[in-house]
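Chain residues, written in single-letter form:
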Amino acid sequence: MRRAALLCATLGAAASARPNILMLYADDLGWGDLGVYGHPTSETPHIDQLAREGVQMMDMYSSSPVCSPSRAGLLTGRYQMRSGIWPGVFFADSSGGLPLNETTLATLLRDDGYNTAMVGKWHLGVGAQWEFLPTNHGFNEWFGIPYSHDMPDPDKCFFDPAGSPGLQCYPGTSPEPWVTEGVGQSQADEVRATHEEDAVLSFEGATSEYYYMHDLEAQGLVEPTAARPVQIPLFNGTAKDMRIISQPANLTTLDSQYTDMAVAFIKRASKEAAPWLLYYAFQHTHHPNYAGEGFFFESARGMFGDSLAAMDWSVGQVLQAVRDAGVEDSTFVYFGADNGPSLQRLQRGGDAGP
């Protein structure tokens, strides 16, 4: 059993017999990453507020140190070995998935009259006929990516203030300025200080080139390679009408897309008589770190901090949607993480706390 990042929950009205359920699930987040637990450079005001106003469960454990098994345990309530999701994770070319005879929380609630939806990372299999997707495991609708956003490696991860589609995640691809013209030496120094183990930084005058290193390259096991394929699919739909709406998914706009879909579901579902379940599983803060417009170079913690701040913003938007819908007093909110930080990735892998 591995200690997870955080579990905090709020329940506006305990008298509600069948509350709405909002599950907010981070990826590779350490409990030491949050401002509420003392991290000096993390900016997480919305998550911190949720923790202060809710119940903080300080001895919460995950059933696995990696994504797929821990998510199987979360959604089924069973040890992941019982469903065969063990010991590793599903990849883009994996053929299996969470068995269809497994009963998930979403299935139980849907059968009890809940309107169920998922936004975000699934990572419990796809299948040749898409048979293992969330809409075959109790969710009426899903908008998201079926696995981690490094399967395969993405090309662009950060919105470029100079106006290009986005900045690269890894080196070994065609070099481009990371610190653009007009961005001074102090920001470049910040990148170097924050990512000294993972970065190669060279500069001439006011510009520099910053490359994220692929894991094997960072360990010196392989030479930098040519550009890697970009094939991350973004799905949207129901069991009867599921489609890939973008391939590759654009990580520089993904937060806004996820947030918009989550907010839209809350608004729509809250107008109906039935209670609802929304499982919002973030891609953040899994490597490679990414963020959209408004978050690049905004955090004192560097790129991990930018990614974390983008997730916190989304949490704030979704919580505000609950308030605006008038269902705050009948909604149970859970915030947690799948398996704690990825410490092997150093500064871009999270903080396990003291």
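Undergrad: Before we go on, may I ask you to explain the environment of K267 in this structure?
TA: Within the secondary structure, K267 is located in helix α7 (residues 251-270). For K267, a relative accessible area of 47% gives the class partly exposed. Once the C-alpha coordinates of K267 and A325 are considered, the two residues, 58 residues apart in sequence, prove to be 5.9 Å apart.

Undergrad: Where do I start with the side chain of S64 in this structure?
TA: Counting through the fold element by element, S64 comes out in the loop between β5 (61-62) and α2 (67-76). Among the polar contacts made by the side chain of S64, one reaches the main-chain amide nitrogen of V66 at a distance of 3.3 Å. Not counting chain neighbours up to four residues away, the residues in contact with S64 comprise P69, S70, Q80, D338 and N339.

Undergrad: Is there a simple way to explain a nonpolar patch on the surface in this structure?
TA: Together, Y79, M81 and W86 make up a nonpolar patch on the protein surface, roughly 380 Å² of accessible area in all. A relative accessible area of 47% means that Y79 is categorised as partly exposed.

Undergrad: What is the right way to look at the confidence of the model for the chain in this model?
TA: Predicted coordinates in regions of low pLDDT should not be interpreted in detail. When pLDDT is averaged along the chain, the result is 81, and 76% of the positions lie at 70 or above. Residue range residues 171-219 is modelled with pLDDT below 50. Its contacts to residues more than four positions away, or to other chains, number 120 contacts. Under a pLDDT of 50 for its full length, residues 221-230 has, in the predicted model, 23 contacts with residues more than four places off or in other chains.

Undergrad: What exactly am I supposed to notice about the packing of helix α1 (residues 45-53) against helix α8 (residues 302-324) here?
TA: Any two packed helices are characterised by the angle at which their axes cross and by the distance between the axes. At their nearest, the axes of α1 and α8 sit 7 Å apart, and the two run at 55 degrees to each other. Classified by the interaxial angle, the pair formed by α1 and α8 is oblique. Where α1 abuts α8, its residues P45, H46, I47, Q49 and L50 lie against M311, D312, W313, V315, G316, L319 and R323. Among the residues making up the contact of α1 with α8, the classes are represented as seven nonpolar, three polar and two charged.

Undergrad: Can you help me understand the nonpolar core in this one?
TA: Note that soluble globular proteins tend to have their nonpolar side chains buried in a common cluster. Counting 50 residues, the largest nonpolar core has L22, L24, W276, L278 and F335 as the members making the most contacts within it. Elements with a minimum of two residues in this core: β3 (20-26), α1, β6 (115-120), β8 (156-158), α7, β14 (276-281), α8 and β15 (331-337). A total of 11 residues in this core trace back to one element, the largest contributor, which is α8. Each residue touching L22, except ones within four places of it in the same chain, is listed here: W276, L278, V318, L319, V322, T331, F332, V333 and Y334. Of all hydrophobic cores here, the second largest spans 27 residues; its members include M60, A72, L75 and V126.

So, how was this worked out
Residues numbered from 1 in each chain as written. Predicted model: local features only at pLDDT ≥ 70, side-chain atom pairs only at ≥ 80, totals over all residues. Heavy atoms only, no water. Helix = DSSP H or I, 4+ residues; strand = E, 2+ residues; numbered from the N terminus. Buried < 20%, exposed > 50% of the residue type's maximum accessible area, 1.4 Å probe, protein only. Polar contact = N/O pair within 3.5 Å; in protein donor to acceptor, adjacent residues only side chain to side chain. Contact = heavy atoms within 4.5 Å. Patch = residues over 30% accessible without salt bridge, like charges linked within 9 Å, V, L, I, M, F, W, Y side chains within 5 Å. Areas by Shrake-Rupley, 256 points an atom, 1.4 Å probe, with all protein chains shown as cover. Salt bridge = Lys/Arg side-chain N within 4 Å of Asp/Glu carboxyl O. pLDDT = per-residue confidence, 0-100. Axes fitted to C-alpha atoms, helices over the stretch in contact; angles between N-to-C directions. Parallel < 35°, antiparallel > 145°, perpendicular 65-115°, else oblique. Nonpolar A, V, L, I, M, F, W, Y, C, P; charged D, E, K, R; others polar. Core = buried A, V, L, I, M, F, W, Y, C linked by side-chain atoms within 4.5 Å.

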